[in-house]
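# Understanding the architecture of this molecule
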Amino acid sequence: MSQAQRAVVIGGGIGGLTAAAALHHRGLDVTVLERARSLEPVGAGISLAPNSLRALDVIGLGDEIRDLAAWQGDGGLRTPGGRWLSRSDADAAAARFGGPMVLLHRATLVDRLAAQLPPGAVRTAAGAGVADPGDARRPALVRTADGELEADLVVAADGIRSAVRRTLFPEHPGPVYSGFTTWRVVIPLPGVAFASHETWGRGRIWGTHPLKDGRVYAYAAATTPPGGRAPDDERAELLRRFGDWHDPIPAVLAAARPEDVLRHDVHHIAEPLPAYHRGRVALLGDAAHAMPPTLGQGGNQAVEDAIVLAHHYDDLAAYTAARLPRTTAIARQALKVARLDLTTSRTMIAVRNAVIASLSKAGPALFLRSFDGIADWRPPQAPYAAVQSADPQ
């Protein structure tokens, strides 16, 4: 029996673990090298659209995630005073895109992805870089603290500050500041009833969504210079910026502790890479196409990347051809949406809100069109598990 091909995945986040699981399903011997001391991600939620859920079906995980997640159901878009600009319809979205949009904690998804791998496949506290990308005649070399590893395929899932990207494409300018910062919090909020919502103000956004385990995921964004920090703590900063917005925002802020609040500046890759591979090394996720979170597609596109890469693992040019145009277009759309929903122009805000309200009155189908070509994507290979579309709640 011939020896299995070896894949080394640099980065143990959602994209890297999905790639590892998909390559393991294809019969490769997979090692994941994660520089952090554990796989536990930041305390935040992640929205998974039908496109990434279908991708997870390929590795037999889609149904399990649907069961563990909360459907993003009826809710909508509001003004800071509480007026509804539009109402969302979970059934209409599921019918249009062939499945639900769901929300779960990132830690849950990471745990289930890691469980797809054989024991010992994931090494934590294991920083790594590419010493040689290899080519058709020789393997790639991955540099670690313990020496070099040869690999038939290297998957670079090392994030927006990717060292591998800099090695492969040293002339590329890298990520740029997107113009805003974000805050995220996951907390219990007993006794508070609310409809899932996102609220757009002047240069500010707030979203509140329930998780299936009873906790609440809330996020906020605001236009601000890069590198800023609150003079006291980030919870106090959120109170200053959002404390007078509609319910349940004050209740969320009252329940949150300063240590519950995460703050991160948002960056994106403005100049697309010339390719998502070089030699035997492939980039995916934020390492390849970091985008603003305004379409909720960053993690979804990383999952797509991983499944498509496993399909084309022996032809990385085909992987680039399949992924670069799609992710570039989605990243540009996410940036346009960020400029729209975080505008500080009072005139633009008035026009924006009027258009959204008008589209909402025409029915949810018109409002959902912005996700056509995104949420209806299907993977290039058949799933290992049948898709179950029944509401798990």
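What you see is a predicted model; the values in this text were computed from it and never measured.

Each value, and the rule that gives it
Residues numbered from 1 in each chain as written. Predicted model: local features only at pLDDT ≥ 70, side-chain atom pairs only at ≥ 80, totals over all residues. Heavy atoms only, no water. Pairing = 2+ DSSP bridges. Helix = DSSP H or I, 4+ residues; strand = E, 2+ residues; numbered from the N terminus. Axes fitted to C-alpha atoms, helices over the stretch in contact; angles between N-to-C directions. Core = buried A, V, L, I, M, F, W, Y, C linked by side-chain atoms within 4.5 Å. Buried < 20%, exposed > 50% of the residue type's maximum accessible area, 1.4 Å probe, protein only. Contact = heavy atoms within 4.5 Å. Patch = residues over 30% accessible without salt bridge, like charges linked within 9 Å, V, L, I, M, F, W, Y side chains within 5 Å. Areas by Shrake-Rupley, 256 points an atom, 1.4 Å probe, with all protein chains shown as cover. Salt bridge = Lys/Arg side-chain N within 4 Å of Asp/Glu carboxyl O. pLDDT = per-residue confidence, 0-100. Lys, Arg positive; Asp, Glu negative; His and termini not counted.

Spatial strand order, E6-E5-E14-E15-E16-E13-E17: 7 strands in an open sheet with mixed pairing. The sheet terminates laterally at strand E6 (84-88) and strand E17 (262-268), the two strands that pair on one side only. When the angles between neighbouring strand axes are averaged without regard to direction, this sheet yields 15°. Summarising the sheet, strand E14 (residues 196-200) and strand E15 (residues 204-210) pair through 4 bridges and their orientation is antiparallel. Paired with Trp200 across the bridge in E15 is Ile205.

In this section: the sheet that holds strand E7 (residues 102-105). Reading across the sheet, the 3 strands line up as E3-E7-E4 and stay open at both edges, with antiparallel pairing between neighbours. Looking at which strands have only one partner, the edges of the open sheet turn out to be strand E3 (45-48) and strand E4 (70-71). One ladder, built from 4 bridges, connects E3 with E7; its direction is antiparallel. Its bridge partner being in E7, Ile46 is matched across the sheet by Leu104.

With 68 residues, the main nonpolar core has Leu23, Leu48, Leu56, Leu109 and Leu283 as its most contacted residues. Among the elements that make up this core, the one with the highest residue count is helix H1 (residues 14-25) (7 residues). If we skip the residues at most four places from it in the chain, Leu109 touches Ile14, Ile46, Leu48, Leu56, Ile65 and Leu104. Counting residues in each nonpolar core, the second largest holds 17 residues, with Ile187, Ala218, Leu253 and Val261 among its members.

To continue, consider a nonpolar patch on the surface. On the surface, a nonpolar cluster with roughly 220 Å² of combined accessible area is contributed by Val351, Val355 and Leu359. Relative to the assigned elements, Leu359 resides in helix H12 (residues 346-361).

One pass over the structure, following the stated rule, counts 18 salt bridges. Note that Asp372 and Arg96 form a salt bridge whose closest N and O atoms lie 2.8 Å from each other. A residue pair is termed long-range when its members are at least 10 positions apart, and Asp372 in the segment after helix H13 (364-368) and Arg96 in helix H4 (residues 90-97) qualify at 276 residues. A relative accessible area of 32% means that Arg96 is categorised as partly exposed.

Per-residue pLDDT for the protein has a mean of 93; in total, 96% of the residues score no lower than 70. The low-confidence segment residues 385-393, where pLDDT is below 50, has 19 contacts with residues more than four positions distant or belonging to other chains.

Bringing the environment of Gln301 into the picture now. The topology assignment puts Gln301 in helix H10 (residues 298-311). Its relative accessible area of 0% is what places Gln301 among the buried residues. Along the sequence, Gln301 and Val9 sit 292 residues apart, while their C-alpha atoms lie 17 Å from each other.

Before going further, it helps to spend a moment on the pairing of E7. A two-sided burial pattern is seen for E7, the buried positions comprising Val102 and Leu104 on one face and Leu103 and His105 on the other. Where E4 and E7 come together, 2 bridges link them in antiparallel fashion. Bridge pairing links Ala70 to Leu103 in E7.

Moving on: the side chain of Asp341. Along the chain, Asp341 turns up in helix H11 (residues 316-341). We note that Asp341 is buried and unpaired, the nearest opposite charge coming from Arg352 at a distance of 6.1 Å. Setting aside residues up to four positions removed in sequence, Asp341 forms contacts with Trp200, Gly201, Arg204, Ile205, Thr294 and Arg352.

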